[in-house]
Amino acid sequence: MIKVIKFDVDYGYIKQALPNLITINLNNLMELEIEEEQLEGGEYALTQTEMSNGLIGIIENEELVYYIHIKNNVVYVTPYINNTTEGSLKLKIEKFHGRFKVNITQYSYVITDTYTEQTLELGSDLFLKGRKPFILNAENTIGDPVIYLKIAYENYITFLEYTNSKSDFALKTVIINFLIPSSLKLDFISANELVIRYDNSKQIIRLNDLKRLKDVKLSKEFRPAVKEAIYLKINDKLYVINEHNKKLSIKTDKEKALLFKNSDVIAKKNQDYIELKGEIHYNTTIRPDALVTKEGVFLTKLYWSGTSFSANLRIDMLQRLENIHNTIFVAINNKKLHPLHQSPKFKDKKHVLLSFNVNQHAIILRRNASNNLSIGNLPELKIYNTSHKLKIKFAEKIAKLYKALNKKHNVNVYFEKEASKAVESGKCVFEAVVKQKFDSKNVFILDKTSKQYAEMKRKWGNKIVERFSFKNYLYVFIADHFISSELSNHIINTRIFNDALNEKIKITPLYFLQHGITFMKPRDDPKDVGFHKNNMTNNIVKSVVSSEVEARIFNTLGYNDFDIMKTGMPKFDEASLKKNANKITYMPTWRPWEEGEVFNGKITQTSYYQSLIDVIKAFEKAGMLDRLQIAAHNKFSQFAKSHLKKYQNIFVEDPTDTLTNSAIYITDISSIILDATYQGAYPIFYWKEFDSIIEHYGGTTPVNKYNAPGTIVYSENELVNTVKDIIAKDYKMPEKVKENYKKINEFEDNKNTQRVINELIKDNVL
């Protein structure tokens, strides 16, 4: 499996990264493919290029590291950094003391401390910025130097230094990037000491001093080399060398403060393109020449007239963007300079600047949380049609009148995943509430295409509100509470880019019923803004939990005991297996990092797809395909019915349909397996890609091989053999599995729904 360790977007971008294939777009000039089968321990040339020498990226396959780089106008893929092959990286190693020996190895060099005999083989860490400890609790003999080795490759410089305050030896790497070509020469004599040279003149600058002072005067001898401002980055921190008020200096600061005084951007949609106009008042005469994405994808040229700029983003090109969200950066010579920013001083409070549907895509131009411009390329949605935008505006106005005339009764709005289903806890609580006839007004939002719509409409009449209708928008604005198994935005769609709707959705109190028990997926990464209380954009009042174990997980996420209602999940009250249940269901957890590939029709290039195919093939080989059913993401189910004719009948569009007919349930970390176990299915955890999935989600997961409520397997063969063994033993579940499950879900009295209703009564919701 190929793993990307590092990629320099100054050279282009990674178009796709699959377990067996990496595709690189090299500065919008060409595309390069690296296949796993080519990585067999040797090196090979990819293509000729006129680009300058440098490291493009680092990948790993089968625990061997490969370097993608340009050397003498050739792009190489090589595991060598010891200069023993034509395509090897060429390191320049300088020794300043005899304590450390450097010897060549098969691919690299090994450093040996002659005092302690500790060794370190040089590898990809050389090209990652910052310090990497080598020998801890070390002593430096009196008279010995601080710096022992200097290792240089192009714009990467690494020192082996002793640090008194930490009592250790460490490799310290600095990376220099000129954004504008310059005749100045930069070097380092330590990780903190920058050397600037021009002709016979040189000056040493201590970076710590520069960081503290923000501005250090330079020798007037450098003036001939600084005819215009020079921008450079050292370890991603921006520096400017220029002459101002007759003083030549090098400066650093927060990026926006260093670059410009203010920035203003306006957008207008034309027939085939989006026109961007505005002003950026730079502190120097710099003029970026392009707009690119964060990943380095070229968007368009940038044109200037004084401080004013203009650019046209072609709509057909925006539809081809691989990522769902794309922050726009201004760039010089394909090198990113800064995000296209809207300064707060202009007091434009709009987040969404443009939204429209085109060719089954929704193109969204918005300002993100940092006030930087971002382009969204998503599936089309009705709310971005002109007629629906008018409905939303009208609903917002009518809502104010409605609330003024109806102050006595609460309006509670129920819904489930993207208002497209009525099979989860939202439905259970809604139906129990309307049967008990409370004083409040209670409605359920449901898409007319849902399989449950006709029955729900027949049973509950005007209490069922059609998704995307005027009443749907109206109930968003008049709702006093949301009660749902999903977060608040699901009242219309997972992602909503409409300022008025978003503002009301975010402030409306939510009673969160959860769609699954929180246990498997990582939730402790602060970057997981969707779940940490401090980062939560939804107004969660209380959340359902099913055990003390789950309550403690919520506690670690910032939720106190008043934010939790320990009731169990309402949907379990009526859950049971059919008597003749004999299916074996596989449902891998959804991998949101592959959503862009799925949306852009590259389903077969995802690890999710490969996982499904591997399991199908294994069951087919074992002669058990007739027992298997796949509960896949709906995009995959649709794809299977069109492209996998042989297997189309084993794909189930609605995963909840599998819960009543599955004798065995298989997943990696999807919470649906806890639903299946409650109903009586035997749980299997298929962890072939467990580490990779957890790494992509970020953070850690509470589940491990000791507390997992099921049998764990790590390969297709082990999976099939385990299934056969379970069937042979008549699906008898081990006591350890039952014990682990009971710790996660404590309730089995089928009174979860009433416990939730009691909480709503106590809080005066009903």
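Report on the accompanying structure. (Residues numbered from 1 in each chain as written. Predicted model: local features only at pLDDT ≥ 70, side-chain atom pairs only at ≥ 80, totals over all residues. Heavy atoms only, no water.)

### Description of the overall build of the chain
1) Next: Each helix and strand in the chain was counted, giving 17 helices and 47 strands.
2) Next: Radius of gyration (C-alpha) of the chain: 30 Å, near the 27 Å computed for a compact globule of 766 residues.
3) Next: If one aligns the C-alpha atoms of the chain with their principal axes, the spans along those axes are about 90 × 65 × 50 Å.
4) Next: Put simply, the chain has 766 residues, and 55% of those count as buried.
5) Next: Accessible surface, the chain: about 35,300 Å² in total, of which carbon and sulfur atoms supply 48%. (Helix = DSSP H or I, 4+ residues; strand = E, 2+ residues; numbered from the N terminus. Rg over C-alpha atoms; globule rule 2.2 N^0.38 Å. Buried < 20%, exposed > 50% of the residue type's maximum accessible area, 1.4 Å probe, protein only. Areas by Shrake-Rupley, 256 points an atom, 1.4 Å probe, with all protein chains shown as cover.)

### Concerning the pattern of salt bridges
1) Next: Here the structure, examined in full by the defined rule, presents 39 salt bridges.
2) Next: The partner of lysine 542 in a salt bridge is aspartate 763, and the shortest N-O contact between them spans 3.2 Å. Here lysine 542 is found in strand S40 (residues 539–545), whereas its partner aspartate 763 is found in the segment after helix H17 (752–762), with 221 residues between them in sequence.
3) Next: Between glutamate 739 and lysine 743 there is a salt bridge, with the nearest N and O atoms lying 3.8 Å from each other. Of the two residues, glutamate 739 and lysine 743 both sit in helix H16 (residues 735–744), four residues apart, roughly one turn of that helix.
4) Next: Taking relative accessible area as the criterion, glutamate 739 reaches 41% and is therefore assigned partly exposed. (Salt bridge = Lys/Arg side-chain N within 4 Å of Asp/Glu carboxyl O.)

### A word on the sheet that holds strand S4 (residues 30–35)
1) Next: Reading across from one edge, S2-S3-S4 is the order of the three strands in this open sheet, with antiparallel pairing throughout. The open sheet terminates on both sides in strands that have one partner only, identified here as strand S2 (12–18) and S4. Taken pair by pair, the neighbouring strands of this sheet meet at an average axis angle of 15 degrees, ignoring direction.
2) Next: Examined bridge by bridge, strand S3 (residues 21–26) and S4 share six bridges and lie antiparallel to one another. Across the sheet, threonine 23 pairs through a bridge with glutamate 33, a residue of S4. (Pairing = 2+ DSSP bridges. Axes fitted to C-alpha atoms, helices over the stretch in contact; angles between N-to-C directions.)

### Points about the packing of aromatic side chains
1) Next: Applying the stated criterion across every chain, the model contains 24 aromatic pairs.
2) Next: On the basis of an interplanar angle of 25 degrees and a centroid distance of 6.3 Å, the ring pair of tyrosine 153 and tyrosine 156 is categorised as stacked. Side by side, tyrosine 153 and tyrosine 156 carry an identical accessibility label, which is buried.
3) Next: Summarising the aromatic geometry, the rings of tyrosine 586 and tyrosine 686 are spaced 5.7 Å apart at their centres and angled 75 degrees between planes, so their arrangement reads as edge-to-face. Residue tyrosine 586 is found in strand S42 (residues 583–586), and its partner tyrosine 686 is found in strand S46 (residues 682–686); the two are separated by 100 residues along the sequence.
4) Next: Each residue in the set Phe100, Phe134, Tyr148, Tyr162 and Phe169 is aromatic and connected to the rest through ring pairs, giving one cluster.
5) Next: Taking NZ or CZ as reference, lysine 269 lies 4.9 Å from the ring centre of phenylalanine 356, over its face. (Phe/Tyr/Trp six-rings, centres within 6.5 Å; stacked < 30°, edge-to-face > 60°. Lys NZ or Arg CZ within 6 Å of the ring centre and 35° of its normal.)

### Overview of the pairing of strand S43 (residues 628–631)
Taken residue by residue, a regular strand's side chains alternate between the two faces of the sheet.
1) Next: In S43, alternate side chains face the same way, and those of Leu628 and Ile630 on one face and Gln629 and Ala631 on the other are all buried.
2) Next: Relative to strand S44 (residues 651–652), S43 runs parallel, the two being bridged by two bridges. Its bridge partner being in S44, alanine 631 is matched across the sheet by valine 652.

### A closer look at a negative patch on the surface
1) Next: A grouping of Glu33, Glu35, Glu37 and Glu40 is seen on the molecular surface, where their side chains present a negatively charged patch.
2) Next: Structurally, the position occupied by glutamate 35 is in strand S4.
3) Next: Judged by relative accessible area, which is 30%, glutamate 35 ranks as partly exposed. (Patch = residues over 30% accessible without salt bridge, like charges linked within 9 Å, V, L, I, M, F, W, Y side chains within 5 Å. Lys, Arg positive; Asp, Glu negative; His and termini not counted. Charge placed at Lys NZ, Arg CZ, Asp CG, Glu CD.)

### What to know about the sheet that holds strand S28 (residues 303–305)
1) Next: The strand order S24-S25-S29-S28 describes an open sheet built from four strands, whose pairing is antiparallel. The open sheet is flanked by strand S24 (260–269) and S28, the only strands paired with a single partner. Each neighbouring strand pair of the sheet contributes to a mean axis angle of 20 degrees, computed without reference to strand direction.
2) Next: Pairing of strand S25 (residues 273–282) with strand S29 (residues 308–314) involves seven bridges; the strand directions are antiparallel. Looking at S29, one finds that glutamate 279 is bridged to serine 308.

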